[in-house]
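# Analysis of the macromolecular model
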Amino acid sequence: MHKALTPFSAASLAALVALAGCNNKPTTIESGGPDDPQAQQLKDAKPPPPPPMIQASRTYRCADNSLLYADFYTNNTVAVRTQKGGTPTTLTAEGGKPPFKGGGYSLSANGPKVSFEAPGKKSQTCDV
């Protein structure tokens, strides 16, 4: 009784023969080392400040019946979007005091009732 090679066993045998010629030496991975030109600078550097935290997130309904989404951060900035999931525009309060301004937008304060101005639109009131 002699068994013939099936296509699957022939493919397995060919793969084993092909892999037999591979380099079987272990690979050594080294990290860092004395060759890093910035090693000392990185060691002496102060840690970066933590990212700002969200202080409040509000959804406003404006006078023209549009929605305004605002995320207020602890670093005196606010990210505003005029569409849910839209690209936010960052506004900054100069000196830490409102109004928040940037990119042609303006937001009067961090509160339940605000005044909002967008590029190409007049200022309008918005309520939570």
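Here goes a summary of the coordinates provided.

Rules and cut-offs
- Residues numbered from 1 in each chain as written.
- Predicted model: local features only at pLDDT ≥ 70, side-chain atom pairs only at ≥ 80, totals over all residues.
- Heavy atoms only, no water.
- Helix = DSSP H or I, 4+ residues; strand = E, 2+ residues; numbered from the N terminus.
- Buried < 20%, exposed > 50% of the residue type's maximum accessible area, 1.4 Å probe, protein only.
- Polar contact = N/O pair within 3.5 Å; in protein donor to acceptor, adjacent residues only side chain to side chain.
- Contact = heavy atoms within 4.5 Å.
- Disulfide = S-S within 2.5 Å.
- Pairing = 2+ DSSP bridges.
- Axes fitted to C-alpha atoms, helices over the stretch in contact; angles between N-to-C directions.
- Core = buried A, V, L, I, M, F, W, Y, C linked by side-chain atoms within 4.5 Å.

### Examining the side chain of threonine 77
Relative to the helices and strands, threonine 77 resides in strand β3 (residues 77–81). The exposure class assigned to threonine 77 is buried, which follows from its relative accessible area of 13%. A polar contact of 2.6 Å, which involves the side chain of threonine 77, links it to the side chain of asparagine 75. The residues contacting threonine 77, other than those within four sequence positions of it, are Asp71, Phe72, Thr90, Leu91, Thr92 and Phe100.

### Examining the state of the cysteines
Applying the stated rule across the entire model yields one disulfide. At a sulfur-sulfur separation of 2.0 Å, the disulfide partner of cysteine 62 is cysteine 126. As the torsion about the S-S bond is roughly 95°, the cysteine 62-cysteine 126 disulfide counts as right-handed. In this pair, cysteine 62 is assigned in strand β1 (residues 54–62) and cysteine 126 in strand β8 (residues 124–127), connecting sequence segments 64 residues apart.

### Re the pairing of β8
Going residue by residue along β8, you find Gln124 and Cys126 tucked away on one face and Thr125 and Asp127 left uncovered on the opposite face. Two strands pair when backbone bridges link them, and β1 and β8 are joined in this way by two bridges, in the antiparallel orientation. When the sheet's bridge partners are listed, arginine 61 is paired in β8 with aspartate 127.

### Regarding the sheet that holds strand β6 (residues 105–107)
What the eight strands build is a closed barrel, ordered β1-β2-β3-β4-β5-β6-β7-β8; its pairing is antiparallel. Mean inter-strand twist for the sheet, computed between neighbouring axes without regard to direction, equals 30°. With seven bridges joining them, β1 and strand β2 (residues 67–73) adopt antiparallel strand pairing. Following the sheet pairing, isoleucine 54 is matched in β2 by tyrosine 73.

### Focus on the nonpolar core
If you look at the biggest cluster of nonpolar residues, it comprises 16 residues, and the most contacted ones within it are Phe72, Val78 and Leu107. Taken together, the elements giving at least two residues each to this core come down to β1, β2, β3, β4 (89–93) and β7 (113–117). In contact with valine 78, other than residues within four places in its own chain, are Ala70, Asp71, Phe72, Thr89, Thr90, Leu91, Phe100 and Leu107.

### Structural notes on the side chain of arginine 81
Residue position: arginine 81 is located in strand β3. For arginine 81, the side chain forms a polar contact with the side chain of aspartate 71, separated by 3.2 Å. Beyond its immediate stretch of four places on either side in the chain, arginine 81 contacts Leu67, Leu68, Tyr69, Asp71, Gly86, Thr87 and Pro88.

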